[in-house]
Amino acid sequence: MLKIRKLVIGISGGVDSAVTSLFLKNKGYNVEGVFMQNWDIRDETGVCKSDEDYKDASVICEKLGIPLLRVNFVKQYWNEVFCDLLKEYETGHTPNPDVLCNRYVKFDAFYHYAREDLNADAIATGHYARTNFGPYLEYYKPNEDVHLLKAMDERKDQTLFLCQVKQKALRKTMFPLGNYMKTEVKKIAMDNGLEEIAKKKESMGICFIGTRDFPNFISEYVNNKPGNFIDIESGVTVGTHKGIHQWTLGQRSNIEGQPIAYFTVQKDVKTNNIYVARGTHHPSLFTDLLYTAHPHWIHSRPPELENGDLLECDFKFQHVEEFIGCQVYESNKGLIVLLEKTRRAITPGQFAVFYKGEECLGSAKIIQGGPSLFTLNCGRNVSNAWRYKEKLFNNFINNNERRICTM
Ligand SMILES: Nc1ncnc2c1ncn2[C@@H]1O[C@H](COP(=O)(O)OP(=O)(O)OP(=O)(O)O)[C@@H](O)[C@H]1O
């Protein structure tokens, strides 16, 4: 067990951290709140959402009798999260800033600030996640590493966003909401004088965009480089666009003057061309293979990989989607992941997140999707195409080539 003389909680002004604070206060901890300011640019209406959230955080803390500090992490957010985001968009990828914000800001800058500047023994957040050290670190072991576990509320589970967090901070973090359903949390807030906070609209999407549409926002930071939309089947140019950073894989490409619904399939950074396909279920959008960069394992490298075997586990790369079984093979450039079923729009820049049962093992950034059903089917019938790909994969594994294969 960890002796806790002081605990610092991240208070965002939302219902989850409000109820987390209430729980901690009721348990008698010496609690101090920190509101992190990660972004200080006003949106086009002159509003800085951070000011409104800080006001709510102050109301919560006043009600619960918790001192609150407003701490500026704008520099860390800009350098570690936003610059990476711009770089990713410039190279045609679609990043996940929430994952990086957790890794570099909440579970690094904030953690170190709490530990070193505020002398806290541990931190707490309102994330829906669990660890094997327990919601209040009651099973903390000084000589053991911690495992990250899914939340009880599977719909709200936020382990996907915590998939790059480092051991050091995770070992000393409490997630008091891990065993609660979101509906229960809202009810607790309502029953404890936090009605206004409970009714507050949940923040959706990337916090700093404000009410602007995404293409307008991103064009303020990334230079437009016009290119063509090319029909992947016919090779015919069907329209033009202002830049590959404005489009993401699987997204409907609203091509001017085109009555047909086209969807983004592939981007070519060299030519700025975007390949599009007709219909949201077009086979060029589906693959069951992907390549990633080097992984980050939350606890330790899985024993299967240590032994040079395939790791069988579950995969997910978006919060809303279902888990899917997969086989993971490690190469010297990263991971090669073969999915049990095809998945739509495997998007470079997003994180492939791996689970075994209730445990989130870790994650790796997707570099590239494998050949699509459309590519495989060119000149072959479907079952032949599957056999062909299986052969490629098996050859690859059997030859134990320690390089990324380019199929
Ligand atoms: N600006 C912030 N300042 C301090 N802590 C924060 C801030 N933003 C998020 N957090 C912490 O991270 C947790 C998860 O935040 P996130 O925005 O991902 O989820 P959320 O469900 O909207 O949380 P909440 O309802 O508390 O706003 C919060 O509960 C809080 O503890």
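Residues numbered from 1 in each chain as written. Predicted model: local features only at pLDDT ≥ 70, side-chain atom pairs only at ≥ 80, totals over all residues. Heavy atoms only, no water.

## Some thoughts on the overall build of the chain
If you tally the helices and strands in the chain, you get 11 helices and 19 strands. With 407 residues in all, the chain has 54% of them scored as buried. (Helix = DSSP H or I, 4+ residues; strand = E, 2+ residues; numbered from the N terminus. Buried < 20%, exposed > 50% of the residue type's maximum accessible area, 1.4 Å probe, protein only.)

## Comments concerning the pairing of strand β17 (residues 335–344)
Two strands pair when backbone bridges link them, and strand β13 (residues 286–292) and β17 are joined in this way by five bridges, in the antiparallel orientation. Across the sheet, residue L290 finds its bridge partner in β17, namely V337. The pairing of strand β16 (residues 324–330) with β17 spans five bridges and is antiparallel. Across the sheet, residue V328 finds its bridge partner in β17, namely V337. In textbook terms, the turn of a hairpin is the stretch between consecutive antiparallel strands, and for β16 and β17 this stretch comprises four residues, one of which, G334, has a positive phi near 155°. (Pairing = 2+ DSSP bridges.)

## Quick word on the domain arrangement of the chain
Once the domains are mapped, the chain shows domain 1 (6–199), domain 2 (223–280) and domain 3 (284–402). Both sides together, the interface formed by domain 2 and domain 3 hides about 680 Å², and carbon and sulfur atoms give 63% of it. The interface formed by domain 2 and domain 3 contains zero salt bridges. Viewed at the interface, domain 3 and domain 2 are joined by two residue pairs in polar contact (both at pLDDT 80 or more). (Domains from an automatic or database assignment. Buried area = accessible area lost by both parts, 1.4 Å probe. Salt bridge = Lys/Arg side-chain N within 4 Å of Asp/Glu carboxyl O. Polar contact = N/O pair within 3.5 Å; in protein donor to acceptor, adjacent residues only side chain to side chain.)

## Here's the deal with the sheet that holds strand β12 (residues 273–278)
The pairing of strands in a sheet happens through backbone hydrogen bonds and is either parallel or antiparallel. Judged by pairing direction, the sheet is mixed, and its five strands sit side by side in the order β9-β8-β12-β11-β10 without closing on themselves. Of all strands in the sheet, those bounded by a partner on one side alone are β9 (237–241) and β10 (252–253).

## Quick notes on the UniProt feature "domain: tRNA-specific 2-thiouridylase MnmA-like C-terminal" (unreviewed entry) in the chain
In the UniProt entry, the feature "domain: tRNA-specific 2-thiouridylase MnmA-like C-terminal" (unreviewed entry) is given for residues 288–366. Here residues 288–366 is 5% helix and 56% strand, with 13 Å between the C-alpha atoms at its ends. (UniProt positions renumbered as here; feature names shortened; annotations may be inferred.)

## Quick word on the UniProt feature "domain: tRNA-specific 2-thiouridylase MnmA-like central" (unreviewed entry) in the chain
The positions UniProt marks with the feature "domain: tRNA-specific 2-thiouridylase MnmA-like central" (unreviewed entry) are residues 216–278. Taken as a whole, residues 216–278 contains 6% helix and 40% strand, while its terminal C-alpha atoms sit 25 Å from one another.

## A look at the nonpolar core
Counting 79 residues, the largest nonpolar core has L24 and M174 as its most contacted members. Tallying contributions element by element places helix α4 (residues 97–117) first for this core, with 10 residues. Two domains each put at least three residues into this core: domain 1 (6–199) and domain 3 (284–402). Not counting residues up to four positions away in its chain, the partners in contact with L24 are L7, I9, Y29, V31, A124, Y136, M174 and P176. (Core = buried A, V, L, I, M, F, W, Y, C linked by side-chain atoms within 4.5 Å. Contact = heavy atoms within 4.5 Å.)

## As for the site of the ligand
With respect to spatial proximity, 16 residues lie near the ligand, and among them G10, S12, D16, S17 and M36 are the closest. For the ligand, a nitrogen atom lies 3.4 Å from a polar atom in the backbone of I11. In this structure, an oxygen atom belonging to the ligand sits 2.4 Å away from a side-chain N or O atom of D16. Here the ligand, which alone exposes 580 Å², has 84% of that area covered by the protein. (Near = heavy atom within 4 Å. Areas by Shrake-Rupley, 256 points an atom, 1.4 Å probe, with all protein chains shown as cover.)

## Remarks on the pattern of salt bridges
Evaluated as defined, the whole model comprises 17 salt bridges. Among the salt bridges present, the one from K200 reaches D56, with a minimum N-O distance of 2.8 Å. Residue K200 is located in the loop between α7 (195–199) and α8 (214–219), and its partner D56 is located in helix α2 (residues 49–64); the two are separated by 144 residues in the primary sequence. Among the ionic pairs, D145 bridges to R171, the shortest N-O distance being 3.8 Å.

## Observations regarding the environment of V222
Along the chain, the position of V222 falls in the loop between α8 and β8 (227–231). On the accessibility criterion, V222 (3% relative accessible area) is buried. It is 7.8 Å that separates the C-alpha atoms of V222 and Y89, two residues lying 133 residues apart in sequence. If we ignore the near neighbours within four places in the chain, the residues touching V222 are L86, E90 and H245.

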